Amino acid sequence: MDSRAARPADTIAAIATAPGRGGIGVVRVSGASLSELATALCGSVPVPRKAVFARFLDADGVTLDEGIALYFPAPASFTGEDVLELQGHGGPVVMQMLLERCLELGARLAEPGEFTRRAFLNGKLDLAQAESVADLIEASTAAAARSALRSLSGRFSEEIHRIVDALIDLRMLVEATLDFPEEEIEFLEQARALPRLDTIRQQLQDVLDRARQGALLRSGLNVVLVGEPNVGKSSLLNQLTGEDRAIVTEVAGTTRDALRETVQIEGIPLHIIDTAGLRETEDAVERIGIERTWREIERADVILRLVDARVGASASATEAIDARLPQAVERIIIANKIDLVGLEAGRVEENGVVRLQVSAKKGAGMELVRAELLRVAGWQAHGEDLILARERHLQALRAALAHIGTAAGQSAALELFAEELRLAQDVLGEITGEFSADDLLGVIFSRFCIGK
């Protein structure tokens, strides 16, 4: 269904700056017509698209605050409606007074993401661009911010539209040929339908690969350090973060609780969790820490399984721990403290299991650990072409690829061939919002902050 059918008519208002004190605070208002509200609040309608000094007035004409008013008449505004932005002093009380005045004048409090949702409904942004607004705000790395900005400018949507246009062209040829059934087989050869389909498949696969990489920029990887006490988990965390974030002593069981730190490797956020050493203990506090360790392990994307290179780990302890680790999660064995046994840093892979020899204390082999984490993430350098994709984008791209694959196997039946092309087009349309259910829009925009 066309998700842009409904057009809101009421006026909304919200504080658009973050909670707390600041030099400047912004109240944003959007509605079908704001001239009366602007006159009551500012004394007159501000000159469009120019920063105008104004005193913000209460119902009795008393000044609530003074600052800058910006007025953007429809349709040349972010939402496509009249938009009024009031930039006042950034105190929480002042901002709340301005917001309450807007509500007195007939506005209602905006819901999370409602300004951006109106921009989508009014055709100012497509759905992928609208989502990139939230991604830009929430970006945890510079690479993620640059990727979100590219999506906001329409780069991702343009690529999807090019693929959809190619599908439409192919569909038109196929469906026109359905009127001449005796020529179906010749059509596939003369129109080079299968090579064209393969080109579309390659384009889709390329977008999916870059989107999968970009998804890592959004969420990163949860990397959990696991091992017996005193094998160097905290030292490894300190090396990866470049700071002494965890206490390191020779006393086994120093780490009692999970310690989380986020680092970046090639722009990918890695959420590294240092955990309590796994062992049998009578210490009540340490036991709680070990229970939390297992909860972190259940949420892990990658497990760095540390052992002491001097002695390894006792067979019974190793078997008990390894048997309980989730088998579906990638596991990298880190043989630490090689400086104490005269070994060189290195990487060994046997039967699909990777073992790295490192010294967390000396920093030897840290580049191997970083490279291995990138390998597990499936990272490949794509320069500035990454797409900051969401899970729904990945699902749509995979579904479109599946329909293209099915179409390739239906070359002898043009009706089925055409139907698979249509299905591929529909799922790609869900990315940009040409076809999106209202409940999906509700979920997407509810995750935005209020004021956007």
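Residues numbered from 1 in each chain as written. Predicted model: local features only at pLDDT ≥ 70, side-chain atom pairs only at ≥ 80, totals over all residues. Heavy atoms only, no water.

## Let's talk about the UniProt feature "binding site: (6S)-5-formyl-5,6,7,8-tetrahydrofolate" (unreviewed entry) in the protein chain
Within this structure's numbering, the places UniProt gives as "binding site: (6S)-5-formyl-5,6,7,8-tetrahydrofolate" (unreviewed entry) are Arg28, Glu85, Lys124 and Lys452. Structurally, Glu85 is set in strand S5 (residues 82–90). Residue classification places Glu85 among the buried residues on the basis of a relative accessible area of 14%. Setting aside chain neighbours within four positions, we find Glu85 in contact with Val26, Val27, Arg28, Ile68, Ala69 and Leu70. The exposure class assigned to Lys452 is partly exposed, which follows from its relative accessible area of 22%. Dropping the residues within four chain positions of it, Lys452 is found in contact with Arg28, Gly113, Glu114, Phe115, Thr116, Val133 and Ile137. (UniProt positions renumbered as here; feature names shortened; annotations may be inferred. Helix = DSSP H or I, 4+ residues; strand = E, 2+ residues; numbered from the N terminus. Buried < 20%, exposed > 50% of the residue type's maximum accessible area, 1.4 Å probe, protein only. Contact = heavy atoms within 4.5 Å.)

## Considering the packing of helix H4 (residues 127–138) against helix H5 (residues 142–152)
At a minimum axis distance of 8 Å, the contact between H4 and H5 shows a crossing angle of 155°. Of the possible angle classes, the one that applies to H4 and H5 is roughly antiparallel. When the axes of H4 and H5 are compared, the crossing they make is left-handed. Counted together, Gln129, Ser132, Val133, Asp135 and Leu136 of H4 and Ala145, Ala148, Leu149, Ser151 and Leu152 of H5 form the full contact between these two elements. In the contact of H4 with H5, the residues fall into six nonpolar, three polar and one charged. (Axes fitted to C-alpha atoms, helices over the stretch in contact; angles between N-to-C directions. Parallel < 35°, antiparallel > 145°, perpendicular 65-115°, else oblique. Left-handed = near helix turned anticlockwise from the far one by under 90°. Nonpolar A, V, L, I, M, F, W, Y, C, P; charged D, E, K, R; others polar.)

## Topic: the environment of Leu37
Looking at the element boundaries, Leu37 is found in helix H1 (residues 35–42). The class for Leu37 is buried, based on a relative accessible area of 8%. Counting along the chain gives 66 residues from Leu37 to Leu103, while the straight-line C-alpha distance between them is 10.0 Å. Non-local contacts of Leu37, meaning those with residues more than four positions away in its chain, are made with Val29, Leu84, Cys102 and Leu105.

## Structural notes on the pattern of salt bridges
Under the counting rule described, the total for this entry stands at 23 salt bridges. Ionic pairing is found between Asp10 and Arg118, a salt bridge with its closest N-O pair at 2.6 Å. Here the residue Asp10 occupies a position in the segment before strand S1 (12–15), and Arg118 occupies one in helix H3 (residues 114–121), the gap between them amounting to 108 residues. Of the charged contacts in the structure, one is a salt bridge between Glu81 and Arg118, with a shortest N-O distance of 3.1 Å. (Salt bridge = Lys/Arg side-chain N within 4 Å of Asp/Glu carboxyl O.)

## Re the sheet that holds strand S4 (residues 63–72)
A sheet is described by the order of its strands in space; here six strands give the open sequence S3-S4-S5-S2-S1-S6, paired in mixed fashion. Edge strands, defined here as strands with exactly one partner in the open sheet, are strand S3 (52–57) and strand S6 (108–109). Relative to S5, S4 runs antiparallel, the two being bridged by five bridges. When the bridges of S5 are listed, Leu70 appears paired with Glu85. Running over the sheet, helix H2 (residues 92–104) touches S1, strand S2 (22–31), S3, S4, S5 and S6 and is turned about 15° from S2. (Pairing = 2+ DSSP bridges.)

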